[in-house]
Amino acid sequence: MYPLFSYSLTASWLSTATSSMKRPTPRLRNSFSQASSSFLPRPLPLKLSRTATDPILPQSSRFETAAMAAPAITPPSTAIMAKASLRPMYALTVPRSNRSSPKHNSSILIMPSRSFRVAGLTLTGKGFWSPNKSVPIAPKVLYSVQSFSIRMQSIRQVLSGEQLDKPVKVRGWIYRTRSSGGIVFAVVRDSSGIIQVTMKKGVLPDQEFEAAASAGVESSVMVEGTLVEDKRAPGGYEVRATKFSVIGSSEPFPITEYQSTELLLDLRHLWIRSREQTAVMRVKDSLLRGARGWFHSNDYVEVTPPIITGVAPEDSTQLFQLKYFDRFAYLSQTAQFYLESLIFSCERVWALTPSFRAEKSRTPRHLTEFWHLEMEAAWLDNDANMKAQEELVSSMLRSAAKECPSELKLLGREPEALSKIEPPFERLSYSEAMEELRGKGFEVSWGSDLGAAEERELTKDRILPLFVVNYPKELKPFYMKENPDDARTYKNSDLLAPEGYGEIIGGSERETDNALIIERLRDIGEDMKNYEWYLDLRKYGSVPHSGFGLGLDRVATWVCRLEHIRDAIPFPRTVARIYP
RNA sequence: GCCGUCGUAGCUCAGUCGGUGGAGCGUCCGCCUGUUAAGCGGAAGGUCAACGGUUCGAACCCGUUCGACGGCGCCA
């Protein structure tokens, strides 16, 4: 999928253009808003070197291609985008350099959308841009884009209505068709949305009409036509086609309106085209960007721990074993120990890795392969650890709410409500949680774990996530730090998502006393040899430190209001399924 | 590891006191110039998960196997 506007080079020119222009034309506004204001204008050195017909430009057009060289010219005043052949192109109109030199009128700089490299410089006349002569800013667009062809647009862009009653061109996949004799309605989707395309017999060539009438669901198509407002069209806009072509025809699509869970899982590679699944992927992408942003602005270093390991940090029955040459290795179920060893240099680290659990879990909350977002920081106690967690989570939510409002609405989640989930989250001690549950008629006693039913009860009516802190030692792993206020418990916390979605983060301050760690390892019958390197970390300048692991797919399940975690990941891996 | 449900057309399902298998959607053909999961008419499409047993006769009763799904525990 081509982005509508390209990035850095375009941005640098456009930012300059914006600042020096009095009235940007409406069609350019989007590009300007994407231009980075911090990007300093850079003069582009250009020199014409030869004349050629560029194969990606219309055959009839003859252009001068330019090679990069000194000298420099100033940036253009106006940018327009052109579509040439099948590849979207970007054109920057350079104003006349001076009135006495009409040769330089209507000059265009063209670059392919996905490349930052300049593909060619075109001029109506021959000549060089002078190194010292600055090009005056023109008050209006000097070159009309119409002489190229209609630009390709994303459906989201088309639905903005900017091109109302004007020619538009979209491409995508047929989402649904309906026909009625001389008229065919095709709903076309692309990665950004759906729009109805209407084809009337006689308006477009018969051959193209027939192609539209017989094109099956999921055929990839390219359509040219006029964008009109029409209340009868879903979404309020439709494209009245004047040109229609099937790029890739589709056999009868196996997913119809009636679908069983089993079928959708077997046809996962096709089902992920659905609007819901697309929305989930976009939301997840945005959550991740929010997380990255938070880590970056808090001086965390993103590191890359191994996936193949030789040591089992927790109960080894949960590990996937694999043949590793002449011995065995395991797929990592947490990067924690590796992150702990990295804090002695980087101090604050985080990593996003797949984690693997060979548990035969059959629940809506478990995958055997999931995306684990883990953090570890030196000089951090568990209170600060929890503050980091709530800040991180709310940054992720803010990001999704800001970047994916329509996707969230499609999934039944109000973006405004999501962005209101801000720190502090409520903290409930394990003991308090047990009290509360007993008050609600649960038969639990101190020392029993919080099951799915208990977690649901604690969070079903909440809007904000809930921290449950200081669990009994028996319920948690050996590496956690003892709670000085209550030696029966650890300095740890679980973060439970609201609305009954359950645990999304497990975190703790780490034990720094090797004697205690060794004692606990002996108690659970671990082979000390496997932990030598881990114990080393406490021997050489140990520091108090904490960290946590967040289940990215679980967060996405909650944010997207999904019933099952497997819909939060494109190709779920569960006990029963590794296909497709 | 534990508890539960299901397997009939490409898809979703109905069908059984045991007697030669049905609908809707999809596909194909025909009609329809404003459809909204369009409508109307017609056609094709099935080793009733597999194997074994009971019976004159099994999609249906019994057994075994395979596959899938719902949930618990474990965790993120």
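Coordinates for the structure precede this section.
Quick summary incoming for the structure in this document. (Residues numbered from 1 in each chain as written. Chains lettered and ligands numbered in written order. Predicted model: local features only at pLDDT ≥ 70, side-chain atom pairs only at ≥ 80, totals over all residues. Heavy atoms only, no water.)

1. Describing unusual backbone geometry
Part 1 of the reasoning: Following proline 423, the chain continues into proline 424 via a peptide bond in cis, with omega recorded as 0 degrees.
Part 2 of the reasoning: A cis amide bond, omega -5 degrees, links tyrosine 579 with the succeeding residue proline 580.
Part 3 of the reasoning: Here glutamate 347, not a glycine, exhibits a phi torsion of approximately 70 degrees, which is positive.
Part 4 of the reasoning: Secondary-structure assignment places glutamate 347 in the loop between α8 (336-346) and β16 (348-356). (Helix = DSSP H or I, 4+ residues; strand = E, 2+ residues; numbered from the N terminus.)

2. Remarks on the side chain of arginine 268
Part 1 of the reasoning: Tracing the chain through its elements places arginine 268 in helix α6 (residues 268-271).
Part 2 of the reasoning: Since its relative accessible area comes to 2%, arginine 268 is described here as buried.
Part 3 of the reasoning: A distance of 2.9 Å separates a polar atom in the side chain of arginine 268 from a polar atom in the side chain of glutamine 277.
Part 4 of the reasoning: A distance of 2.7 Å separates a polar atom in the side chain of arginine 268 from the backbone oxygen of proline 570.
Part 5 of the reasoning: Filtering out sequence-adjacent residues up to four positions away, arginine 268 remains in contact with Gln277, Arg566, Asp567, Ile569, Pro570, Phe571, Pro572 and Pro580. (Buried < 20%, exposed > 50% of the residue type's maximum accessible area, 1.4 Å probe, protein only. Polar contact = N/O pair within 3.5 Å; in protein donor to acceptor, adjacent residues only side chain to side chain. Contact = heavy atoms within 4.5 Å.)

3. Focus: the environment of lysine 166
Part 1 of the reasoning: Within the secondary structure layout, lysine 166 lies in the loop between α3 (155-159) and β7 (167-180).
Part 2 of the reasoning: Lysine 166 gets classed as partly exposed once you look at its relative accessible area, which sits at 43%.
Part 3 of the reasoning: Put simply, lysine 166 and valine 239 are 73 residues apart on the chain and 9.8 Å apart in space, counted from C-alpha to C-alpha.
Part 4 of the reasoning: Aside from chain neighbours lying at most four places away, what touches lysine 166 is Gly225, Thr226 and Leu227.

4. Focus on the protein's contact with RNA strand B
Part 1 of the reasoning: Near RNA strand B you find 55 residues, and of these Ser260, Arg357, His366, Arg554 and Arg566 are the closest.
Part 2 of the reasoning: Within 4 Å of the protein, atoms of RNA strand B come from sugar and phosphate in 49% of cases.
Part 3 of the reasoning: One nitrogen or oxygen atom from the main chain of glutamate 503 is found 3.2 Å from a sugar or linking oxygen belonging to RNA strand B.
Part 4 of the reasoning: Between RNA strand B and alanine 576 there is a distance of 3.0 Å, counted from a phosphate oxygen to a backbone nitrogen or oxygen.
Part 5 of the reasoning: In terms of residue class, the surface near RNA strand B is built from 16 nonpolar, 18 polar and 21 charged. (Near = heavy atom within 4 Å. Nonpolar A, V, L, I, M, F, W, Y, C, P; charged D, E, K, R; others polar.)

5. Observations regarding the pairing of β7
Part 1 of the reasoning: Sheet topology places β7 next to strand β10 (residues 220-229); seven bridges connect them, and they run antiparallel. Each residue of the ladder has a partner; that of lysine 169, found in β10, is glutamate 224.
Part 2 of the reasoning: Of the strand pairs in this sheet, β7 and strand β8 (residues 183-190) are connected by seven bridges, and their pairing is antiparallel. By the bridge assignment, isoleucine 174 is partnered in β8 with valine 188.
Part 3 of the reasoning: As consecutive antiparallel partners, β7 and β8 are separated by two residues, and within that stretch glycine 181 has a phi angle of approximately 60 degrees, a positive value. (Pairing = 2+ DSSP bridges.)

6. Focus on α8
Part 1 of the reasoning: Of all the residues in α8, the buried ones are Gln336, Phe337, Leu339, Glu340 and Ile343. Looking straight down α8, one finds its buried side chains confined to an arc of 165 degrees; they lie on one side.
Part 2 of the reasoning: Here the buried face of α8 lies against β16, β17 (369-378), α15 (532-536) and β22 (545-551).
Part 3 of the reasoning: Backbone geometry just after α8 places glutamate 347 at a positive phi near 70 degrees. (Arc of directions from axis to C-beta.)

7. Considering the sheet that holds strand β15 (residues 327-331)
Part 1 of the reasoning: Pairing in this open sheet of three strands is antiparallel, and the strands run β13-β15-β14 from one edge to the other. Single-partner strands in this sheet number two, and they are β13 (308-309) and β14 (321-324).

8. Some remarks on the pattern of salt bridges
Part 1 of the reasoning: Tallied over the entire structure, the rule returns 31 salt bridges.
Part 2 of the reasoning: Lysine 284 is the salt-bridge partner of aspartate 553, the closest N and O atoms lying 2.7 Å from each other. Taken together, the residues span a long stretch of sequence, with aspartate 553 in helix α16 (residues 552-559) and lysine 284 in helix α7 (residues 275-297) at a distance of 269 residues. Comparing aspartate 553 with lysine 284, the two get one shared label, buried.
Part 3 of the reasoning: Taken together, the shared-partner salt bridges connect Glu436, Lys440, Glu457, Lys460 and Asp461 into one network. (Salt bridge = Lys/Arg side-chain N within 4 Å of Asp/Glu carboxyl O.)

9. Points about the packing of helix α12 (residues 430-439) against helix α13 (residues 452-459)
Part 1 of the reasoning: The contact between α12 and α13 brings their axes to 11 Å, and the two run at 90 degrees. Viewed along their axes, α12 and α13 adopt a mutual orientation that is roughly perpendicular. Of the residues in α13, those touching α12 at Ala433, Glu436 and Leu437 are Glu454, Glu457 and Leu458.
Part 2 of the reasoning: Residues that form the contact of α12 with α13 fall into these classes: three nonpolar, no polar and three charged. (Axes fitted to C-alpha atoms, helices over the stretch in contact; angles between N-to-C directions. Parallel < 35°, antiparallel > 145°, perpendicular 65-115°, else oblique.)

Any functional reading would require information beyond the geometric quantities listed.
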